[in-house]
Structures are given as structure tokens and as C-alpha cells.
Amino acid sequence: ALRHDVTREIDLVEEFIRIYGMDRVDPELATFKPIESSSSRQGYDTLRTTLCAMGYAEVITYSFIPPRWAEFFGRDVLELLNPISDEMRIMRPSIIPGLAIAIARNKSLQTRDLSIFEIGTCFNPTGKGRLPEERTRLGAAITGLRGESHWSQKPQEVDFYDIKGLAEALLPGITARPSNHPFYRDGHQADILYGDRVAGHMGALHPGILAMLDIGE
């Protein structure tokens, strides 16, 4: 006869013990050994703690972005064959879209002064029929006024040097070199150099992105 009450592995275990006899099963708990997290995981946790201590709030955004972002990150992006919706058609090549969208949504809720960051996976195609390249990236974004308002001083808008100061705090010894990325504003961007290696980039978002998301600042 078909047993409708036996559908999972634990159901079989319970059935076996019932027949075998509970009195014949030693009352011992399984031994668990703590597993030390990887060095990369520890490094990400340290980054999170440092950024939160500096006043940045962590956000977690979708890994999918609308097709219109391809204009700023190149046409060679990873597009899904069966997306959930057209707004989730492309796998993000950068952390920037998620941060910008988060700022736009907060702005619509009248939250203007923001300091946020995200650590997440970005995707880039490597060729037809091949798995995409996946890399973990750190991104941070600021907008609005710097610090808390006070009667003794006039509030100031955040600028390029605020985000440059964050980069220097996270990675001492860096230098900046003018860059030409299509997702940043001309003349307000730079690559972050650590020795001879490009470790990242920073800048003010391109006016086209601000207009696309209805961000005035």
C-alpha cells in the first residue's frame, strides 16, 4: 500500500527507529566542529565593519538591471534568455547601477543625504557558449550634504574629494589618474592606482544616468 505520510528522508528515519526500537538507540548528539571562514570572507567582513564605522550603510541590490544601462557599460553585456521582466534582463557588469537605483528610490522617499555601499558579484561575458566571468566588487556612493547640519557652519555638498578620501582610507598609498569611463561625468573621474595596477575607479555619475533615474544631484 502507498504510504502518504512518508515523503521525506526524516520520515524514513523515524519509521526505521519505530520498528528497530527507541530503547536500542544511544542518546548521543552528533559532533559538530566549527569551521573557520575563508580569508576572503574575513576580508569582506572587515571591509563591512570599516565602512559602517565611517557612516556608510550597506545595501543589497538585484544582480539584474534594465537594458538601458548597456548604453553606459558597453553593448557586450550578459543578457538573460528568459528574464523575469524587461527591467531584469541584463546581469550587472558593475555595482554602480544598483547603487544609483538605490539612491533614486531613497530620493523618491525624500531621503537626500546618503552614504551607501555594496559588496556583490558582477558578471561579464567571456564568449558564446562559455560561462561568464564572475567577480566580487565593492562599490560606494554618496550624495547630498556632508555630515550633520549645525548652526555654526553652512551645510556643504559632498564632492569628488569625499569619495577620494574614502578610497584612500580603505587602501592607503593609492594615487589617482584621470580616466574616461562612459558612466562618469567628463573631467570628474579618475582611475584608482595601487602601485602600477588599476584597483578601481571613482567619479561623479554621468548626467545621462542622473536624468534616466531622475536624480537631480
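To start, this report covers the structure provided alongside it. Since the structure is predicted, the reported quantities are computational estimates derived from the model, not experimental observations.

**Considerations on the overall build of the protein chain**
Across its full length, the protein chain holds 6 helices and 9 strands. For a compact globule of 217 residues, the expected C-alpha radius of gyration is about 17 Å, and the protein chain comes in at 25 Å, more than 25% above that figure. Each principal axis of the C-alpha distribution contributes one length, and for the protein chain these read about 75 × 45 × 40 Å. Considering the protein chain as a whole, with its 217 residues, one finds that 29% of them fall into the buried category. Of the roughly 15,300 Å² that the protein chain leaves accessible, carbon and sulfur atoms contribute 53%. Side-chain charges in the protein chain split into 24 positive and 30 negative, and the spacing between the mean points of these groups amounts to 4 Å.

**What about the side chain of D11?**
With respect to the helices and strands, D11 occurs in helix α1 (residues 9-20). By relative accessible area, D11 is classed as buried at 10%. Excluding residues that lie within four positions of it along the chain, D11 makes contacts with D5 and V6.

**Let's talk about the sheet that holds strand β6 (residues 133-143)**
A sheet is described by the order of its strands in space; here 3 strands give the open sequence β1-β5-β6, paired in mixed fashion. For this open sheet the edge positions go to β1 (57-58) and β6, each flanked by a neighbour on one side alone. Pairing analysis gives 11 bridges linking strand β5 (residues 114-124) to β6, with the strands arranged antiparallel. Counterpart to E118 in the pairing with β6 is G139. Sheet strands touched by helix α2 (residues 39-53): β1, β5 and β6. Its angle to β5, the strand with the most contacts, is close to 155°.

**Some details on the packing of aromatic side chains**
Under the defined criterion, the tally for this structure stands at 5 aromatic pairs. Consider the rings of F16 and Y20, whose centres lie 5.4 Å apart with planes at 10°: the pair is stacked. Highlighted residues: F16 and Y20, both in helix α1, separated by 4 residues, approximately one helical turn. For the ring pair F73 and F183, a centre distance of 4.7 Å and an interplane angle of 15° mean the geometry is stacked. Of this pair, F73 sits in helix α3 (residues 70-73) while F183 sits in the loop between β7 (175-178) and β8 (184-194), and the two are 110 residues apart along the sequence. For F73, a relative accessible area of 16% gives the class buried. Judged by relative accessible area, which is 8%, F183 ranks as buried. One aromatic cluster is present, formed by W69, F73, F183 and Y184 through successive ring pairs. Cation over ring: R24 sits above Y20, and NZ or CZ is 4.2 Å from the ring centre.

Here is what the cut-offs are and how they apply
- Residues numbered from 1 in each chain as written.
- Predicted model: local features only at pLDDT ≥ 70, side-chain atom pairs only at ≥ 80, totals over all residues.
- Heavy atoms only, no water.
- Helix = DSSP H or I, 4+ residues; strand = E, 2+ residues; numbered from the N terminus.
- Rg over C-alpha atoms; globule rule 2.2 N^0.38 Å.
- Buried < 20%, exposed > 50% of the residue type's maximum accessible area, 1.4 Å probe, protein only.
- Areas by Shrake-Rupley, 256 points an atom, 1.4 Å probe, with all protein chains shown as cover.
- Lys, Arg positive; Asp, Glu negative; His and termini not counted.
- Charge placed at Lys NZ, Arg CZ, Asp CG, Glu CD.
- Contact = heavy atoms within 4.5 Å.
- Pairing = 2+ DSSP bridges.
- Axes fitted to C-alpha atoms, helices over the stretch in contact; angles between N-to-C directions.
- Phe/Tyr/Trp six-rings, centres within 6.5 Å; stacked < 30°, edge-to-face > 60°.
- Lys NZ or Arg CZ within 6 Å of the ring centre and 35° of its normal.

Bear in mind that shape data such as this cannot, by itself, settle questions of function.
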